[in-house]
Each structure stands twice: as structure tokens, then as C-alpha cells.
Amino acid sequence: MNTSDRPANTSDGPVNTSDGPASTSDRPALDIQGLRITLPGTARPVLDGIDLTVATGETVALVGESGSGKSLTSRSALRLLPPGAVTEGTVLVDGQDVLTLDADRLRALRTGAVAMVFQDPRAAINPLRRIGDFLTESVRATRTMTAAQATARAVELLEAVGLDDTALAKYPSQVSGGMLQRVMIAAALMGDPTLLLADEPTTALDVTTQAEVIALLGRLRERFGTGLLFVTHDLDLAAAVSDRVYVMYAGRIAESGPAEEIFARPRHPYTAALLASTPRLENPRGRLAAIDGQPPDLRVALTGCAFAARCALATELCDQQAPVSLPAPGRPGHQAACHHSDRLEGSAVDA
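Residues numbered from 1 in each chain as written. Predicted model: local features only at pLDDT ≥ 70, side-chain atom pairs only at ≥ 80, totals over all residues. Heavy atoms only, no water.

(A) Region of the structure containing the overall build of the chain. The secondary structure content of the chain amounts to 11 helices and 12 strands. Counting over 351 residues, the chain shows a buried share of 50%. For the chain, restricting intrachain contacts to residue pairs at least 6 apart in sequence, the fraction spanning at least 24 positions comes to 69%. Summed over its atoms, the accessible surface of the chain is roughly 16,200 Å², and 51% of this surface lies on carbon and sulfur atoms. (Helix = DSSP H or I, 4+ residues; strand = E, 2+ residues; numbered from the N terminus. Buried < 20%, exposed > 50% of the residue type's maximum accessible area, 1.4 Å probe, protein only. Contact = heavy atoms within 4.5 Å. Areas by Shrake-Rupley, 256 points an atom, 1.4 Å probe, with all protein chains shown as cover.)

(B) The arrangement of helix α6 (residues 177–188) in detail. An ideal rise of 1.5 Å per residue puts 16 Å on 12 residues; α6 measures up with 17 Å between its terminal C-alpha atoms. Buried residues dominate α6, accounting for 10 of its 12 residues. Where α6 is concerned, the buried positions are G178, L180, Q181, R182, V183, M184, I185, A186, A187 and A188. (Expected span 1.5 Å × (residues − 1).)

(C) The packing of helix α4 (residues 131–141) against α6, seen in detail. Where α4 contacts α6, the axes come no closer than 9 Å and their chain directions differ by 20°. The angle between α4 and α6 falls in the class roughly parallel. α4 and α6 meet at a crossing whose hand is right-handed. Taking contact as the criterion, the partners of I131, F134 and L135 in α4 are, on α6, L180, V183, M184, A186 and A187. A per-class count over the contact of α4 with α6 returns eight nonpolar, no polar and no charged. (Axes fitted to C-alpha atoms, helices over the stretch in contact; angles between N-to-C directions. Parallel < 35°, antiparallel > 145°, perpendicular 65-115°, else oblique. Left-handed = near helix turned anticlockwise from the far one by under 90°. Nonpolar A, V, L, I, M, F, W, Y, C, P; charged D, E, K, R; others polar.)

(D) Here's a closer look at the sheet that holds strand β12 (residues 331–336). Read from one edge to the other, the open sheet built from eight strands follows the order β6-β7-β8-β3-β9-β10-β12-β11, with strand pairing classed as mixed. Among the strands making up the open sheet, the edge pair consists of β6 (114–117) and β11 (326–328). Going across the sheet, the axis of each strand differs from the next one's by a mean of 25°, ignoring polarity. As judged from the four bridges shared by strand β3 (residues 59–63) and strand β9 (residues 244–249), these two strands associate in the parallel manner. Each residue of the ladder has a partner; that of V60, found in β9, is R244. On the sheet, α6 packs against β6 and β7 (195–199) and is oriented at approximately 175° with respect to β6. (Pairing = 2+ DSSP bridges.)

(E) Expanded view of the state of the cysteines. If you walk through the whole model with that rule in mind, you get zero disulfides. Left unpaired, C318 is separated from the closest cysteine sulfur, that of C305, by 6.0 Å. Looking at C318, the relative accessible area reads 6%, which means it is buried. (Disulfide = S-S within 2.5 Å.)

(F) Region of the structure containing the sheet that holds strand β4 (residues 86–93). With antiparallel pairing, four strands are arranged side by side in an open sheet as β2-β1-β4-β5. Looking at the sheet topology across the chains shown, the edges are occupied by β2 (47–54) and β5 (96–97). When strand β1 (residues 30–38) meets β4, the two strands line up antiparallel, connected through seven bridges. Across the sheet, the residue bridging to T38 is V86, located in β4.

(G) Here's a closer look at α4. Every buried residue of α4 is listed here: I131, G132, F134, L135, T136 and V139. In this structure, the buried side of α4 is in contact with α3 (121–124), α5 (147–160) and α6.

(H) Broad picture of the side chain of D199. Position of D199 among the secondary structure elements: in strand β7. The contacts of D199, once residues within four sequence positions are left out, are S71, R75, V117, F118, Q119 and V231.

(I) Main features of the pairing of β7. The element β7 is extensively covered by neighbouring structure, given that five of its five residues are classed as buried. Neither face of β7 is exposed, since L195, L197 and D199 on one face and L196 and A198 on the opposite face are all buried. The sheet contact formed by β6 and β7 spans four bridges and is parallel. Paired with V114 across the strands is L195, a residue of β7.

(J) Focus on the packing of aromatic side chains. Inspection of every chain in the model, using the stated rule, returns three aromatic pairs. Seen from their ring centres, Y249 and Y270 are 4.6 Å apart, and the 55° between their planes marks the pair as tilted. With Y249 in strand β9 and Y270 in helix α10 (residues 269–276), this pair connects stretches of sequence that are 21 residues apart. Among the aromatic residues, ring-to-ring pairing joins Y249, Y270 and F307 into one connected group. (Phe/Tyr/Trp six-rings, centres within 6.5 Å; stacked < 30°, edge-to-face > 60°.)

(K) Up close: the pattern of salt bridges. Tallied over the entire structure, the rule returns 14 salt bridges. Counted as one network, the salt bridges with shared partners bring together R36, D48, E88 and R252. (Salt bridge = Lys/Arg side-chain N within 4 Å of Asp/Glu carboxyl O.)

Put into C-alpha cells, the structure is as follows:
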């Protein structure tokens, strides 16, 4: 389907509501249920029972420290998994279970329904090929477009990301990092995806260019109605761009819900600690808060809450029993997996 045939998102406000994600269709762009991934040599799953949805036209942020499982969760939507990975659960992209597709159907899904924008564009683009070839190679290889159609589509998308057709003849070394990330975004949209995965796409960019790329992703989501899963460790950035947020820790979802609620009233000590350790311009003096300790080792099995060893609220129960994710009173769309969520309500917690 050409993007001009897809209705734009005309909503005046966020796509979601406090009761969960809204959608322009009955089928989410991404629906992960009970995803568990185990790797050789580990004593526990690297992803342990992940439930996550992204509605059509919605932006969902996935946040957490490095090593929490964010990138692996997003890459599961493309079935880009480490060697030897054993999976359980389902990963539905536009209604198709990625984990069970045969090679041909998986290839078709990767060139159509789902696409990814990676962290470093220079590592993702062949420096010896022109940008025009990079943009059009996938749709030409799968014969979903003729060469002329592919070039016209590439020009259309370059214009959508703020570039012109002169970029087609250039090599990656001839453009800036910000321009190259725009090219990556255009390439991701070539197949008219239902789902766009953005894995920390602004990490290698300066602050001004970061803001431009984030604004661009928002405009493109509205224009093309694409569901966007935005992976980041930057909580302020997540708050600025997302409708809903999932907070990950040690391969589990610690907290999830509408962005405004999570950042205003966190119900998990890990979320509160991340917020407390975020630099603020209004309070530049003094030592920045930090989370003591380290995430649990994958070579050690967990019997209780993964965050217990670093949590100021932890009790014996936390060491013995993994908490179940439960909704906040009166806010069913805001859930946290913590035995002591009630102690966080309405208070500032520094873990």
C-alpha cells in the first residue's frame, strides 16, 4: 500500500487513554505476550515474561539501564535473536507471530510490516554504496516495486524527512550524522511498515540534531499512522515523545502506563530511582543521585524481585517472591510489579 493511501492520524491529542492503548484498528502494530528468551550459559532468562503492546499510530517508550533487555525486546519483533536463543510466548507484528514464521514469510515481514532505525547510522549503511542504492535495494530485491517506482518512493521519503533528491547520488561519508540518520528513517519507511522500531536513534547525535530527529519521528508517525516503539535510557526524552512507557529491569517489566502518570507518580522504586538520578537544569548543584549496586548477574538465578538488592523498600518478602504486576487504584492502565507500590504513592522516593 502506498503511504498516500493510508489515512493520517488526525487525533488532536495522545493516542492512548489511562485505560490502555487506543488504536485506529482492532489489531495492534505490536503485541508481545509472555515473551521469555533463554540463552546458553545463563541461569535465568534474559527476557522473563514480557508483555508489551504498541497500537497503530501510538508511540511507546521502552526505558531502563543498559543491559535491561530493551534492545533484545525490540529486536524480537524482527526475530533478530542471539545464536542458541530459546523462546517462549508470542510476538505478533500486524497479527503475525514472528517467532513461528518460515524464512520466506519472515523476509516479507522484515521488508514490509516492520522496520528498525538503529543507534549508529554509519554502522548500518554500506559506506561504498550510494544512498539511493541503500534506500531502494530492499524493495527492488523483493520485487515489490520497479526501479522507477522505488526511486520515486525514495525521493518522496527523502522529502518527508527534510532532504531532497540530490542525496540519492551521495555516499554516506558526504553527509552529516544527522542527515544520515534521516536517511535511515526514510529507508525504514520504504516498505510502508505498520511498526517502526527506533533503538536509541539519537545517541550518536548532538543535542540540536537529536531534537530535530525526535520531532521528525513524531511528524512521520502522525502522517503515516505507524506504531512506534522508541527504545531509550533517557527518561526525559521518553516523557517528551511517548504516549505510554514501559520501564524494564533485569529482563522484566517493572512498571508500565501512560507517560504522564509514570513520571508524575511512579509506583516502582526503580522508576523513582531513575527519575531521581536524571540531571535537572533547575537544580544543577550538589551530587547527582545514583542507584547503588549492580543489576543481577545472568549466571545467578533469581528467586524474588530482581531489584530487591538495590531497593530501599525491600523486605524479606521481596527476596523470596517475585512480585506480580498489578494496576494502581483507580488507574487500570498504570501497572507496577512491586510488593510495596502503595508506599510510593504521592511520595518522592530516592532508592
